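Analysis of the macromolecular model
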Amino acid sequence: MSSYILGRIIESHKQQYIVKHENNIYNCYIKGKKNHAAVGDWVYINKEIYGKNSIEKIQERKNIFYRSDNNKRKYLAANIDHIIIIVATEPSFSTDIIGNLILEAMRCNIDITIILNKDDIKEQVLLSLDRIKSITPENIPIINLSAKNLTNKEIIFKMYNLLINKTNLLVGQSGMGKSTILNKLVPSAHANTQEYSKYLGTGKHTTSHVKLYDLNIGNSFIIDSPGFQEFSIKHININDINKGFPEFSKFIKECQFYNCSHHHEPGCAIINAVLRGDIKKGRYSLYKKIIKEYQANKKYLRL
Ligand SMILES: Nc1nc2c(ncn2[C@@H]2O[C@H](COP(=O)(O)OP(=O)(O)OP(=O)(O)O)[C@@H](O)[C@H]2O)c(=O)[nH]1
Ligand SMILES: [Zn+2]
């Protein structure tokens, strides 16, 4: 005998998924393709009375945020409303990675906030803010704070409006302070990790996987993801690129040549806008880099 229930994936471990339905947790497996489901997905599970629970169907998603390192899709999370990109004054962060994260978030129609952590290292704050601003569209909020020096309540107060009634995805390069922020937002995060690991029978504490936490304020969730050193977006197509550079669109129409590449042509309205300061130099450099990568990856897109 079996029955179907609808739950949300809150954790994924290779072939195993933890699904939450009301206050119950189910350890599930999925048949077929690996990488098929992601944390944040709503799924129908077949609850076996004897034996394992299986994920039978994934509900249609609002979006799926992923990277494509080594030509393989690596799903991070699904059904995301808001992404919080954590950078820090120290160690140095990559503006290329921020650029790629922003583009992928915009492809998925996800709101974006950038947090500059460790602003207690005062001498690096202005330089770090300049580096972030050089690569971000004007409308993306940038908040600086010091996670280590704020209490749990102070961090929640500072981030309340960002987090409330949303599924938030927390991402960042290693060492930026993502875990410090998470532990202050969800003090039980560490305990839960151990609890679920025990449930899976691994018996060890690990933060190497994506995991969804209930913030217990309204309908608000936060998804933690492992720190990374690269974030490739080989799956991005030309429409995604245009969508990722909305400030270019009003100028593109003014280019002298209809097929202008905006690299060297005379009468290029994009280049002129950069020279006038109407488009940020950093954004234009990012655009050229991404177009170059896109040309090289076209072959991959056709696979
Ligand atoms: N000075 C300062 N250090 C901080 C702050 N927040 C975190 N750190 C330190 O930065 C280091 C990295 O913090 P983590 O929270 O482990 O960073 P992470 O982003 O989770 O790193 P990964 O686990 O590699 O993904 C630790 O030594 C923290 O104590 C801060 O506000 N100021
Ligand atoms: Zn042009």
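Calculation criteria
Residues numbered from 1 in each chain as written. Chains lettered and ligands numbered in written order. Predicted model: local features only at pLDDT ≥ 70, side-chain atom pairs only at ≥ 80, totals over all residues. Heavy atoms only, no water. Donors = N, O, S within 2.8 Å, 3.2 Å for Na, K, Ca; no water. Buried < 20%, exposed > 50% of the residue type's maximum accessible area, 1.4 Å probe, protein only. Helix = DSSP H or I, 4+ residues; strand = E, 2+ residues; numbered from the N terminus. Expected span 1.5 Å × (residues − 1). Polar contact = N/O pair within 3.5 Å; in protein donor to acceptor, adjacent residues only side chain to side chain. Phe/Tyr/Trp six-rings, centres within 6.5 Å; stacked < 30°, edge-to-face > 60°. Near = heavy atom within 4 Å. Areas by Shrake-Rupley, 256 points an atom, 1.4 Å probe, with all protein chains shown as cover. Nonpolar A, V, L, I, M, F, W, Y, C, P; charged D, E, K, R; others polar.

Looking now at the coordination of the zinc ion (ligand 2). The protein atoms that coordinate the zinc ion (ligand 2) are Cys-255 (SG), Cys-260 (SG), His-262 (ND1) and Cys-268 (SG), at distances spanning 2.1 to 2.4 Å. Donor residues binding the zinc ion (ligand 2) come from one chain and are separated in sequence as C-x4-C-x1-H-x5-C. Taking relative accessible area as the criterion, Cys-255 reaches 10% and is therefore assigned buried. On the accessibility criterion, His-262 (6% relative accessible area) is buried.

The next subject is helix α1 (residues 95–107). Here α1 spans 18 Å end to end across 13 residues, near enough to the 18 Å set by a 1.5 Å rise per residue. With 11 of its 13 residues buried, α1 lies for the most part within the structure. For α1, every residue scored as buried is listed here: Thr-95, Ile-97, Ile-98, Gly-99, Asn-100, Leu-101, Ile-102, Leu-103, Glu-104, Ala-105 and Met-106. Two or three places before Asp-96, at the opening of α1, Ser-94 has a side-chain oxygen 3.2 Å from that residue's backbone nitrogen. Just beyond α1, the residue with positive phi is Asn-109, at close to 55°.

It is worth spelling out the packing of aromatic side chains at this point. With the rule as written, the count across this model stands at six aromatic pairs. Ring geometry for Phe-245 against Tyr-287: centres 5.3 Å apart, planes inclined by 85°, an arrangement best described as edge-to-face. Here Tyr-287 lies in helix α9 (residues 281–301) and Phe-245 lies in the loop between α6 (238–244) and α7 (249–252), a separation of 42 residues in the sequence. Comparing Phe-245 with Tyr-287 shows no difference in burial state: the two are buried.

In this section: the site of ligand 1. Taken together, 16 residues sit near ligand 1, with Asp-120, Gly-177, Lys-178, Ser-179 and Thr-180 positioned nearest. One of the backbone nitrogen or oxygen atoms of Lys-178 is found 2.8 Å away from an oxygen atom of ligand 1. In the complex, the protein chains occlude 69% of the 650 Å² of accessible area that ligand 1 would expose alone. Looking at the shell around ligand 1, the element that brings in the most residues is helix α4 (residues 178–185), giving three residues. Across the shell around ligand 1, the residue classes tally to three nonpolar, nine polar and four charged.

Keep in mind these numbers describe shape, not what the thing actually does.
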